[in-house]
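Single-letter residue listing:
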Amino acid sequence: EHALRDVEFYTRLDDAVREFEVHVRPRIGPASDEAAVREAVRVYTDATPTKAVGRINVTPAEFFRMLRKHDRAKWRKAVGEFAARVLGRPSASKVASRWRG
């Protein structure tokens, strides 16, 4: 549960992004296959069983499984931030901060 505390949240999120980018994304298939990458992100951030995506089996990350089990609000936030970083889109918090000024 230590990893679920606020002080560890972004550190663990950074680790999850790095792990995905180094160990999962390159093995999925062609870099241009955005649908496969989106599906891998969905599986990696969910609590579902391992699923085949492209050329590999993707297993949900322990960080996301624990968040989903113990704190759904943080899990939703983590999934949004993770997807934004991995898919190269601005996160909701970054978009909101642009409008604030």
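Preceding this paragraph is the structure being described.
Per chain, the residues get numbers from 1 upward, laid out in the order the sequence is written. Per-residue local features of the predicted model are confined to residues with pLDDT of at least 70, and side-chain atom pairs are confined, for both listing and counting, to 80 or more; whole-chain, interface and lining totals are unaffected and use all residues. For side-chain calculations, the full set of non-hydrogen atoms in the structure is used, while hydrogens and water are omitted.

### Describing the pattern of salt bridges
Thought 1: A side-chain nitrogen of Lys or Arg and a carboxyl oxygen of Asp or Glu constitute a salt bridge if their distance falls within 4 Å. On inspection of all chains with the given rule, the structure shows nine salt bridges.
Thought 2: We note a salt bridge from R25 to E21, for which the minimum N-O separation is 3.2 Å. Taken together, the residues R25 and E21, both in helix 1 (residues 6-28) and four residues apart, mark about one turn of the helix.
Thought 3: One salt-bridge network, held together by shared partners, links E39, R42, D46, K51 and R68. Comment: elements are numbered from the N terminus, with helices defined as DSSP H or I runs of at least four residues and strands as E runs of at least two.

### Details of helix 4 (residues 72-87)
Thought 1: The first and last C-alpha atoms of helix 4 sit 22 Å apart over 16 residues, in line with the 22 Å expected at 1.5 Å per residue.
Thought 2: Of all the residues in helix 4, the buried ones are K74, W75, A78, V79, E81, F82, A83, A84 and V86.
Thought 3: Trailing helix 4 by a residue or two, G88 shows a phi angle of about 75 degrees, which is positive. By this rule, a helix spans an expected 1.5 Å times one less than how many residues it contains. Buried means the residue's accessible area, taken with a 1.4 Å probe over protein chains only, is under 20% of the maximum for its type, while exposed means over 50%, and partly exposed covers the values in between.

### With respect to the packing of helix 2 (residues 34-44) against helix 4
Thought 1: Lines fitted to C-alpha atoms define the axes, with helix axes restricted to the stretch in contact, and inter-axis angles between N-to-C directions lie between 0 and 180 degrees. With their axes 11 Å apart at the nearest point, helix 2 and helix 4 run at an angle of 150 degrees to one another. Compared by their axis directions, helix 2 and helix 4 come out roughly antiparallel. Crossing angle aside, the handedness with which helix 2 passes helix 4 is right-handed. Note on element contacts: helix 4 touches helix 2 through F82, A83, V86 and L87, opposite V37, R38, V41 and Y44. By definition in this entry, angles of less than 35 degrees are roughly parallel, angles greater than 145 are roughly antiparallel, angles of 65 to 115 are roughly perpendicular, and the rest are oblique. Crossing handedness follows the turn of the near helix against the far one: under a right angle anticlockwise gives a left-handed crossing, and clockwise gives a right-handed one. When checking whether two residues touch, look at their non-hydrogen atoms; a contact exists if any pair is within 4.5 Å.

### Concerning the nonpolar core
Thought 1: We define the nonpolar core as a collection of buried residues of types Ala, Val, Leu, Ile, Met, Phe, Trp, Tyr and Cys that are connected through side-chain atoms lying within 4.5 Å of one another. F20, I28, Y44, F64 and F82 are the most contacted members of the largest nonpolar core, which totals 26 residues.
Thought 2: For this core, the secondary structure elements donating two or more residues are helix 1, helix 2, strand 2 (56-58), helix 3 (62-70) and helix 4.

### Brief notes about the environment of G54
Thought 1: With respect to the helices, strands and loops of the structure, G54 is situated in the loop between strand 1 (51-53) and strand 2.
Thought 2: Judged by its relative accessible area of 60%, G54 falls in the exposed class.
Thought 3: Along the backbone, G54 and G29 are 25 residues apart, and their C-alpha atoms lie at a distance of 5.7 Å.

### With respect to the packing of aromatic side chains
Thought 1: Side-chain rings of Phe, Tyr and Trp, where Trp is taken by its six-membered ring, are said to pair if the distance between their centres is within 6.5 Å; with planes under 30 degrees apart they count as stacked, over 60 as edge-to-face, and otherwise as tilted. Counted by the stated rule, this structure contains eight aromatic pairs.
Thought 2: With 6.2 Å between their ring centres and 65 degrees between their planes, Y44 and F64 make a pair best called edge-to-face. Highlighted residues: Y44 in helix 2 and F64 in helix 3, separated in sequence by 20 residues.
Thought 3: Take F64: its relative accessible area is 0%, and that puts it in the buried class.
Thought 4: Measuring from ring centre to ring centre gives 5.2 Å for F64 and F82, while their planes differ by 75 degrees; the resulting arrangement is edge-to-face. Residue F64 is found in helix 3, and its partner F82 is found in helix 4; the two are separated by 18 residues along the sequence. Each of the two residues, F64 as well as F82, counts as buried.

Shape is all these values report; function is a separate question.
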